[in-house]
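Structural overview
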Amino acid sequence: MRPEHVTLVEVGPRDGLQNEAQAVSAEAKVALVHSLQAAGLKEIEVTSFVSPRWVPQMADNAQVMAKIQRVPGVRYSVLVPNVRGWESACHSQPDEIVVFAAASEAFSQRNINCSIEESMLRFEPVVKAAKEQGVKVRAAISCALGCPYQGTVSADEVERVVRLFKDLGVDHCGVADTLGVGTPDRVQEAMERALRHFPLHEVSGHFHDTYGQALSNIYGCLQMGLHIFDTSVAGLGGCPYAKGATGNVATEDVLFMLQGLGIETGIQMEPLIDTVAMVSGLLQRPPVSRVGRALLAKRAASEGACST
Ligand code: HMG
Ligand code: MG
């Protein structure tokens, strides 16, 4: 069942930076996207068209989208929470939009101020308008393995939202462990519920690494044939509404594992580590990822050896 090729959807510029307290300029975000596409990433979630009052870091959304030099074959997506977001986002001509709902009621209220059912109603006109313009719609189900307010989230609760998204007509269903509390068996169970309603090539996993389980969870997904995962360069990220949840699984950590398994991604490690170094310099802190740290240390050591 293990796939021969895996697609990594880079979510660092959006999910990674949305929670970043320090200001990051639009130019730096654009440079980050350029560096990611140079490393071979073919799907990049660039920004979100959400309320700047709630997520000020994404206030430069249109500016960033306008300045990106698009490369053919790369898909640029943006997160959209409502019609207002779509109306702004569509001028930026994204290839794909991401709509999101929580598997837990409590989280839905805190994240987007409404119930799960209400969030679906909000998305109805968004999905319709996007599809009319030929824009692909990816859905993300957050808190699919656990919720900071409710605790454990059951596979039944996940499947309920999968069904709602299916009825809404989205193209793709992403299952997100926002808190990073999932472990492989439970993750496989949640994925299996998504696969009851969406084909294998339209189901993806999005894992935060808070408890160090993300790679095991991805490995569990690979065993089911799943082959699309969201990752974030340098392990950037966290959700502003899920306190304590750390970053998404790092792109370089996942790439290292996939290379070891002989699975193709089209991404090159060395240029990706250049991106990790860029992010590290930009934010003035080392990456949280193990592979990022190890390979930057190896680079520093060989540069030191060359200069002596
Ligand atoms: P609302 O219902 O309008 O209510 O927005 P509000 O009181 O929150 O609105 C606040 C202000 O934002 C109002 O303006 C609105 O007009 C305006 P004011 O009257 O104060 O001047 N507004 C907007 N402005 C720009 N663009 C828009 C927009 N919509 C309203 N699209 C809403 C509800 C959900 C839009 C708002 O609460 C919001 O944007 N929240 C932020 C949600 C968010 O970005 N969450 C993080 C992303 S989800 C995530 O990270 C999880 C995921 O990655 C999976 C995982 O990691 O596990 C997907
Ligand atoms: Mg995330």
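Bear in mind that the values here come from a model prediction, so they are computed numbers and not experimental data.

With respect to the packing of helix α10 (residues 251-260) against helix α11 (residues 269-283)
- At a minimum axis separation of 10 Å, α10 and α11 run at an interaxial angle of 165 degrees. By the criterion of interaxial angle, the relationship of α10 to α11 is roughly antiparallel. The handedness of the crossing between α10 and α11 is left-handed. Within the contact between the two elements, α10 uses Thr251, Glu252, Leu255, Phe256 and Gln259 and α11 uses Met269, Leu272, Ile273 and Val276.

Quick word on the site of ligand 1
- Around ligand 1 sit 27 residues in total, of which Arg14, Ser51, Trp54, Arg84 and Thr178 are the nearest.
- One of the backbone N or O atoms of Phe49 is found 2.9 Å from a nitrogen atom in ligand 1.
- Residue Arg84 places a side-chain N or O atom 2.7 Å away from an oxygen atom belonging to ligand 1.
- Burial of ligand 1 by the protein amounts to 77% of the accessible area it has alone, namely 1100 Å².
- If you map ligand 1 onto the pockets, it falls in the largest pocket.
- Of the residues in the shell around ligand 1, the class split is 13 nonpolar, nine polar and five charged.

Some words on the coordination of the magnesium ion (ligand 2)
- At 1.8 to 2.8 Å from the magnesium ion (ligand 2) lie its protein donor atoms, namely Asp15 (OD), His206 (NE2), His208 (NE2) and Asn248 (OD1).
- All donors to the magnesium ion (ligand 2) come from one chain, and their sequence spacing reads D-x190-H-x1-H-x39-N. Residue Asp15 is found in helix α1 (residues 12-16), and its partner His206 is found in strand β9 (residues 203-207); the two are separated by 191 residues along the sequence.
- The buried category is assigned to Asp15, whose relative accessible area is 4%.

Remarks on the pattern of salt bridges
- Here the structure, examined in full by the defined rule, presents 22 salt bridges.
- Measuring nitrogen to oxygen at the nearest pair gives 3.0 Å for the salt bridge that ties Lys67 to Glu27. Here Glu27 lies in helix α2 (residues 26-38) and Lys67 lies in helix α3 (residues 61-67), a separation of 40 residues in the sequence.
- Taking the shortest distance from any N to any O, the salt bridge between Arg299 and Asp274 comes out at 2.8 Å.

Remarks on helix α8 (residues 184-195)
- Helix length check: α8 (twelve residues) gives 16 Å between terminal C-alpha atoms against 16 Å at 1.5 Å per residue, within 8%.
- The set of residues buried in α8 consists of Val187, Ala190, Met191, Arg193 and Ala194. The buried residues of α8 all sit within an arc of 155 degrees when viewed along its axis, so they share a single face.

A word on the packing of helix α9 (residues 214-223) against α10
- At their nearest, the axes of α9 and α10 sit 11 Å apart, and the two run at 45 degrees to each other. Classified by the interaxial angle, the pair formed by α9 and α10 is oblique. Between α9 and α10 lies a crossing of right-handed hand. The segment α9 lies against α10, with Leu215, Ile218, Tyr219 and Leu222 engaging Asp253, Val254, Met257 and Leu258.

Section: the environment of Arg299
- Following the sequence through the fold, Arg299 ends up in helix α12 (residues 290-307).
- Between the C-alpha atom of Arg299 and that of Glu270, which follows or precedes it by 29 residues, the distance is 10.0 Å.
- Not counting residues up to four positions away in its chain, the partners in contact with Arg299 are Glu270, Ile273 and Asp274.

With respect to the pairing of strand β1 (residues 7-10)
- Pairing analysis gives four bridges linking β1 to strand β10 (residues 228-231), with the strands arranged parallel. Opposite Glu10, over in β10, you have Thr231 as the bridge partner.
- Here β1 pairs with strand β2 (residues 43-48) via two bridges, running parallel. Along β2, the bridge assignment pairs Val9 with Glu43.

Observations regarding the nonpolar core
- Counting residues in hydrophobic clusters, the biggest one holds 96 residues, and the most contacted among them are Trp86, Ile97, Val99, Phe165, Val170, Met191 and Phe229.
- Residue contributions to this core peak at seven residues, all from helix α6 (residues 116-132).
- The contacts of Ile97, once residues within four sequence positions are left out, are Val78, Val80, Trp86, Val126, Ala130, Val135, Lys136, Val137 and Arg138.

Considerations on the state of the cysteines
- For the structure on display, the rule yields zero disulfides.
- A disulfide-free cysteine, Cys147 has its sulfur positioned 5.0 Å from the sulfur of Cys143, the nearest such atom.
- Relative accessible area serves as the criterion here: at 4%, Cys147 is assigned to the buried category.

Criteria and thresholds
- In this convention, every chain numbers its residues from 1, walking through the sequence in written order.
- Throughout, the order in which chains and ligands are written sets their labels, letters from A for the former and numbers from 1 for the latter.
- This being a predicted model, a pLDDT of at least 70 is required before a residue's local features are given, and a value of 80 or more before pairs of side-chain atoms are given or counted; all residues contribute to the totals for chains, interfaces and linings.
- Hydrogens and waters are ignored; side-chain quantities use all the structure's heavy atoms.
- Throughout, an axis means a line fitted to C-alpha atoms (over the contacting stretch in the case of helices), and angles, computed between N-to-C directions, take values from 0 to 180 degrees.
- Labels follow the DSSP assignment, with helices taken as runs of H or I lasting at least four residues and strands as runs of E lasting at least two, numbered in each case from the N terminus.
- In what follows, roughly perpendicular refers to angles from 65 to 115 degrees, roughly parallel to angles under 35, roughly antiparallel to angles over 145, and oblique to any angle outside these ranges.
- The crossing is said to be left-handed when, going from far helix to near helix, the turn is anticlockwise and less than a right angle, and right-handed when the turn is clockwise.
- Any two residues having at least one pair of non-hydrogen atoms within 4.5 Å are treated as being in contact.
- Residue proximity to a molecule or strand is established when one non-hydrogen atom of the residue lies within 4 Å of it.
- In protein, a polar contact requires one atom able to donate a hydrogen and another able to accept it; more generally it is a pair of N or O atoms within 3.5 Å, and residues adjacent in sequence count only if both atoms are side-chain atoms.
- Per-residue and other accessible areas were derived by the Shrake-Rupley procedure at a 1.4 Å probe size, with only the shown protein chains allowed to occlude residues.
- In this analysis the probe radius is 1.4 Å and the grid spacing 1 Å, with only protein atoms considered; a cavity is a set of points the probe fits into but cannot get out of, a pocket is an open set with protein on both sides within 12 Å along at least five of seven lines, and lining residues have an atom within 4 Å of a point.
- In this scheme, a molecule is assigned to a cavity or pocket if more than half of its atoms are within 2 Å of the grid points.
- The nonpolar class holds Ala, Val, Leu, Ile, Met, Phe, Trp, Tyr, Cys and Pro. Asp, Glu, Lys and Arg form the charged class, and all remaining residues, Gly among them, are polar.
- Donor atoms: N, O and S within 2.8 Å of the metal, or within 3.2 Å for Na, K and Ca. Because water is excluded, sites can look incomplete.
- Burial status follows relative accessibility: with a 1.4 Å probe on protein chains alone, a residue under 20% of its type maximum counts as buried, one over 50% as exposed, and anything between as partly exposed.
- Here a salt bridge means any side-chain nitrogen of Lys or Arg lying within 4 Å of a carboxyl oxygen belonging to Asp or Glu.
- Multiply 1.5 Å by the residue count of a helix minus one, and that product is the helix's expected span.
- This arc is built from the directions going out from the helix axis to the C-beta atoms.
- Strand pairing requires that DSSP identify at least two bridges connecting the strands.
- In these notes, a set of buried Ala, Val, Leu, Ile, Met, Phe, Trp, Tyr and Cys residues joined through side-chain atoms within 4.5 Å is what counts as a nonpolar core.
- Any two cysteine sulfur atoms lying within 2.5 Å of each other are counted as a disulfide.

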